[in-house]
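Now for the letters of each chain:
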Amino acid sequence: MVEKLTPQQRQKFLNDHKNWQVLEKRDAIFRSFKFSNFSKAWGFMTQIALLAEKFDHHPEWFNVYNKVDIT
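Could you clarify how one ought to interpret the side chain of Asp69 in this entry?
Here Asp69 shows up in strand E4 (residues 67-70). Using a relative accessible area of 14% as the deciding quantity, one classes Asp69 as buried.

Here is the structure:
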């Protein structure tokens, strides 16, 4: 099981990964990804799903055509 980041770890991650942002009303981070087409977006989600399952950490996500939002 993945452990929750400490506030210091989360801040370091956000400093190092500028495209991620804190969701103010939730204890979560968010990023939107855009791909050239649906197949590439779906392939990305498949790769993430395999890693998420390995680490028993399942993101909240949303997909429409070429866009994937991950919380």
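How should I be thinking about the side chain of Asn66 in this particular structure?
Here Asn66 shows up in the loop between strand E3 (61-64) and E4. Only 2.7 Å separates the side chain of Asn66 from the backbone oxygen of Phe35, close enough to count as a polar contact.

Just to check I follow, could you spell out the sheet that holds E3 for this structure?
Sheet strands pair by backbone hydrogen bonding; their relative direction is either parallel or antiparallel. Pairing is antiparallel across the open sheet formed by four strands, whose spatial order is E1-E2-E4-E3. Two strands lie at the open edges of the sheet, namely strand E1 (21-23) and E3, each paired on one side alone. Put simply, the sheet's adjacent strands are angled 25° from each other on average, direction ignored. Where E1 meets strand E2 (residues 28-34), three bridges bridge the pair, whose relative direction is antiparallel. The partner of Leu23 across the bridge, within E2, is Ala28. Sitting on the sheet, helix H2 (residues 38-55) is in contact with E2, E3 and E4, with an inclination near 160° to E3.

What should I look at first to understand the packing of aromatic side chains in this one?
Within a pair of aromatic rings, the relevant descriptors are the distance that separates the centres and the angle that separates the planes. By the definition in use, this model includes six aromatic pairs. Ring plane angle 40° and centroid distance 5.0 Å describe the contact between Phe35 and Phe44, whose orientation is recorded as tilted. Taken together, the aromatic side chains of Phe13, Trp20, Phe33, Phe35 and Phe44 make up a single cluster linked through ring pairs.

Explanation requested: the pattern of salt bridges in the structure shown.
Where charged atoms from two side chains of opposite charge approach closely, those side chains can pair. All chains considered together, the criterion is met by five salt bridges. Linking Asp27 and Lys4 is a salt bridge whose minimum nitrogen-to-oxygen distance equals 2.5 Å. One end of the pair, Asp27, is in the loop between E1 and E2; the other, Lys4, is in the segment before helix H1 (7-16), with 23 residues separating them in the sequence. The partly exposed category is assigned to Asp27, whose relative accessible area is 48%. The shortest N-O distance in the salt bridge between Glu60 and Arg26 comes to 2.9 Å. With Glu60 in the loop between H2 and E3 and Arg26 in the loop between E1 and E2, this pair connects stretches of sequence that are 34 residues apart.

The rules we used
Residues numbered from 1 in each chain as written. Predicted model: local features only at pLDDT ≥ 70, side-chain atom pairs only at ≥ 80, totals over all residues. Heavy atoms only, no water. Helix = DSSP H or I, 4+ residues; strand = E, 2+ residues; numbered from the N terminus. Buried < 20%, exposed > 50% of the residue type's maximum accessible area, 1.4 Å probe, protein only. Polar contact = N/O pair within 3.5 Å; in protein donor to acceptor, adjacent residues only side chain to side chain. Pairing = 2+ DSSP bridges. Axes fitted to C-alpha atoms, helices over the stretch in contact; angles between N-to-C directions. Contact = heavy atoms within 4.5 Å. Phe/Tyr/Trp six-rings, centres within 6.5 Å; stacked < 30°, edge-to-face > 60°. Salt bridge = Lys/Arg side-chain N within 4 Å of Asp/Glu carboxyl O.

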